[in-house]
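One-letter residues, chain by chain:
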There are 2 protein chains.
Amino acid sequence: MSAHPRLSLNQATIKHASLEEALHEATGAGYESIGLWREPVADVGLERAARLVAASGLRVSSLCRGGFFTAEPGQAQQEALDDNRRAIEETAALAAAGADGSRPVLVLVAGGMPGASKDLAGARERVTEVVGNLAPYAQEAGVTLAVEPLHPIFAADRAVVSTLGQAIDIAEAAGPSVGVVVDTYHVWWDPEVLAQIARAGASGRIASYQVCDWLTPVPADNLLGRGLMGDGTIDFTPLTRAVVAAGYTGDIEVEIFNQQLWDASFAEVVAQVSARFAELIAPDLPAARPAEVRGR
Amino acid sequence: MSAHPRLSLNQATIKHASLEEALHEATGAGYESIGLWREPVADVGLERAARLVAASGLRVSSLCRGGFFTAEPGQAQQEALDDNRRAIEETAALAAAGADGSRPVLVLVAGGMPGASKDLAGARERVTEVVGNLAPYAQEAGVTLAVEPLHPIFAADRAVVSTLGQAIDIAEAAGPSVGVVVDTYHVWWDPEVLAQIARAGASGRIASYQVCDWLTPVPADNLLGRGLMGDGTIDFTPLTRAVVAAGYTGDIEVEIFNQQLWDASFAEVVAQVSARFAELIAPDLPAARPAEVRGR
C-alpha cells in the first residue's frame, strides 16, 4: 500500500495504539510520516521511542504537545517551563531519529484561563511572555515551537490563543524559532484565515498544517467534534491552496479526535485517512516526486 | 422595585412568557425597556402587541429577529427577503408604540450554510448582498438593521457572520441604516474585540449591546451555553467600558438562553437579571438621570 508522500498520521487519530502499534500501522499503510504524542512516547521511554522511530523509517512531523502557559507566575508557571524544556529535548531527539526531512516541531497549546480567573487578556499576555522565554532554548535545540490557535469554543478552558492572527503575533514577538500551526478544524470559520495564512507564510511561520473536518452538530463532548475530511462542513481546497501558496512544503498531519474512529480498528482508520487525504487534500498539492519531498 | 434605567429584558430570557406576561414582569420589576421576539408578538397579532407595549410604558430596545440570508438565489432567498421586509415593518410599529427613546432596531442573524453546502465564502457573500438589498427598505421605514455576529461555534449551522469586524464590514457596505450587535457571549473571546468596538463606534454602528455570560463546560445543546452575568468566564468591565467609550447610549439587553432560567419563575429570573446587571454592568456605565436616558 502507498499513501501520499506528504501525509502524516497524527497518533491521536488512533489514540489507543501504543507507539509501536502506531508506527506499525503507519508503515503498513504506506505512510512516510507520523506525528507523535508525548504520552505514548513516555510509555516506552524516550530512548526506546527514538529507536523504534528510527527502525520504522518514518519521518516525524511533530511532537504533541507542550504549552499550558497561562498559570500566574509562581510554581505552576515554573513547572510549565520545566516541562516544556523537556518537551523541546524530546522533540529534538525524536526528529533526529526520524527519517530525512523530519522537522523538529513541538506543538504548543496555550492553556485556558487558570482557576476561576476571568482575566482573558492577562492570560494571553502570559502566553506571549512564556513563549518568549522558551524561544531561545528552542532555538539552541534546533526546535521550532508551533503555537496552535484553537477554535474559540475552547477559549475559556483550553487555549486562550483563538485566531491564527493572534498566534502569528505571538510567534513574531518571540523570534525565529517560533511558528504557528494551521489546523483546518480550528481556523476554517475565520473570515481572516486566508489573509493570515499568507501573512504566516510571508515570514516563514507555518510550522505545521493539520487537516480534519468540523462536524455539525457539535457533540456533547465538544473535544470530539472532529471528523474525517469530507464528513463535515469544511471546504479544504481554499485552505490547502493558501498553505501551498504561502510556501509550506512540509508534511500534512491528519489529527482527529473522534470516538467512532477511536472505536474502529487501527488499520481501518489509517486506510480511511489515507483515502480521504488522496481525495480531498492531495489534488490541491503540487505534484512532487517522493525524492523531492524527502529532501526538502 | 426599580431597575437600572438602561437595562432591557430580552424576552428570550423568559422564553415561556407570553408578550403580556413579559411586559407585566418587566414593569413589575421596574424595568424601563424590553427586547421583543417576533413569535410572541405574532401570537397576539401586531396591532394588539403594539397596544400592549404602549400601555406598558416600556421602551422597545429591539425586535428579534430577522436574517437567515444564506439561501442560494431563488424561492428561498425571495421568501427570506419578504419575511425580513415584514420584520422591518413590525420593528417600526413596535418601536413607535414604545415609550420615548425607543429605537427601531431589528436584530439580524445571518443564517448557516444552506443544506449540505461547504461554500462558507459564498454564503458570506450572499449575506452581504441581501443585507445591502434590504438596507434602503429599512432606511425608508426608519429602522436600523443590526447584524449580529455569532460565536464561531455556530458558523456552520446558524450564522456565517462570526466576528464583529466582519459584521461591521457588512454594515459599512450596506449603508447608514445598518449597524451591528455587540453581544458579550458571542464576541468576548475575540482578540480584536476592543478595537472593533471602537471602530463600530467611530462610524456610529453600534445598534445594540447585549450582555450575558459564557458557561464552561459548554452544555450538550450548545445553544444553551449562556448564563447570568457572573456565572461564567466573561469579564464585562473592559467590554462595557469599550462600548461606552464608543459612544453607545442606548438600552442594554440581557438575553440568556438557559434551561435552568427557563424552568424558574419569571419574577425570580427578572429580579436576578436586574441584580446582576446592577452588580456587574452598571458600575461601568456613566451615571445618568433617568430623564437623560429617556430623552437620548
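A few points on the structure. All figures in this text were calculated on a predicted structure; none of them were measured in a lab. (Residues numbered from 1 in each chain as written. Chains lettered and ligands numbered in written order. Predicted model: local features only at pLDDT ≥ 70, side-chain atom pairs only at ≥ 80, totals over all residues. Heavy atoms only, no water.)

**Comments concerning the relation of the copies chain B and chain A**
When chain B is fitted to chain A, the residual RMSD is 0.0 Å, and the transformation amounts to a turn of 180 degrees plus an axial shift of 0.0 Å. The transformation just described matches what one would write down for a two-fold rotation axis. Residues of chain B ranked by C-alpha distance from the rotation axis are headed by B:Ala220, positioned 2.0 Å from it. When the interface residues of chain B are mapped onto chain A, 100% of them again lie at the interface, so the same face is used by both copies. (Least-squares fit on C-alpha atoms with pLDDT ≥ 70 in both. Contact = heavy atoms within 4.5 Å.)

**Notes on the pairing of strand S6 (residues 178–183) of chain B**
Residues and elements named next belong to chain B. Taking burial as the measure, the six residues of S6 include six buried ones, the bulk of the element. Bridging between strand S5 (residues 144–148) and S6 involves three bridges; their strand directions are parallel. Within the sheet, the bridge partner assigned to Val147 lies in S6 and is Val180. Between the parallel elements S5 and S6, the chain passes through helix H6 (residues 164–174) in a crossover that is right-handed. Across four bridges, S6 lies against strand S7 (residues 206–211) in parallel orientation. Bridging across to S7, Val181 finds its partner in Ser208. (Buried < 20%, exposed > 50% of the residue type's maximum accessible area, 1.4 Å probe, protein only. Helix = DSSP H or I, 4+ residues; strand = E, 2+ residues; numbered from the N terminus. Pairing = 2+ DSSP bridges. Right-handed = clockwise from strand over helix to strand, strands pointing away.)

**What to know about the sheet that holds strand S10 (residues 252–254) of chain A**
Hydrogen bonds along the backbone pair up the strands of a sheet, which may run parallel or antiparallel. Residues and elements named next belong to chain A. With parallel pairing, eight strands are arranged side by side around a closed barrel as S1-S2-S3-S4-S5-S6-S7-S10. Across the sheet, the axes of successive neighbouring strands diverge by a mean angle of 30 degrees, strand direction being ignored. The sheet contacts of helix H11 (residues 266–280) involve strand S1 (7–10), strand S7 (206–211) and S10, and relative to S1 the element is tilted by about 145 degrees. (Axes fitted to C-alpha atoms, helices over the stretch in contact; angles between N-to-C directions.)

**A short note on the packing of aromatic side chains**
Enumeration over the complete set of coordinates arrives at nine aromatic pairs over all chains. On the numbers, 6.1 Å between centres and 70 degrees between planes, the contact of A:Trp37 with A:Phe257 is edge-to-face. Here A:Phe257 lies in the loop between S10 and helix H10 (259–263) and A:Trp37 lies in strand S2 (residues 33–37), a separation of 220 residues in the sequence. Each member of the pair, A:Trp37 as well as A:Phe257, carries the same accessibility label: buried. Considering the side-chain rings of B:Trp188 and B:Trp214, the 6.2 Å spacing of their centres and the 40 degrees angle between planes classify their relative orientation as tilted. Of the two residues, B:Trp188 sits in the loop between helix H7 (184–187) and helix H8 (193–202) while B:Trp214 sits in strand S8 (residues 213–214), which places them 26 residues apart along the sequence. Across the pair, B:Trp214 and B:Trp188 agree in class, each one buried. Here the basic side chain of A:Arg85 rests over the ring of A:Tyr137, its NZ or CZ set 5.6 Å away from the ring centre. (Phe/Tyr/Trp six-rings, centres within 6.5 Å; stacked < 30°, edge-to-face > 60°. Lys NZ or Arg CZ within 6 Å of the ring centre and 35° of its normal.)

**Notes on the sheet that holds S7(B)**
All names here are of chain B. Read once around its circumference, the closed barrel built from eight strands follows the order S1-S2-S3-S4-S5-S6-S7-S10, with strand pairing classed as parallel. If you compare each strand with its neighbour and ignore which way they point, the axes differ by 30 degrees on average. Inspection of the sheet shows strand S1 (residues 7–10) paired to strand S2 (residues 33–37) by three bridges, in the parallel sense. Of the residues in S2, the one forming a bridge with Leu9 is Ile34. Where H6 meets the sheet, its contacts fall on S5 and S6, and the angle it forms with S6 comes to roughly 165 degrees.

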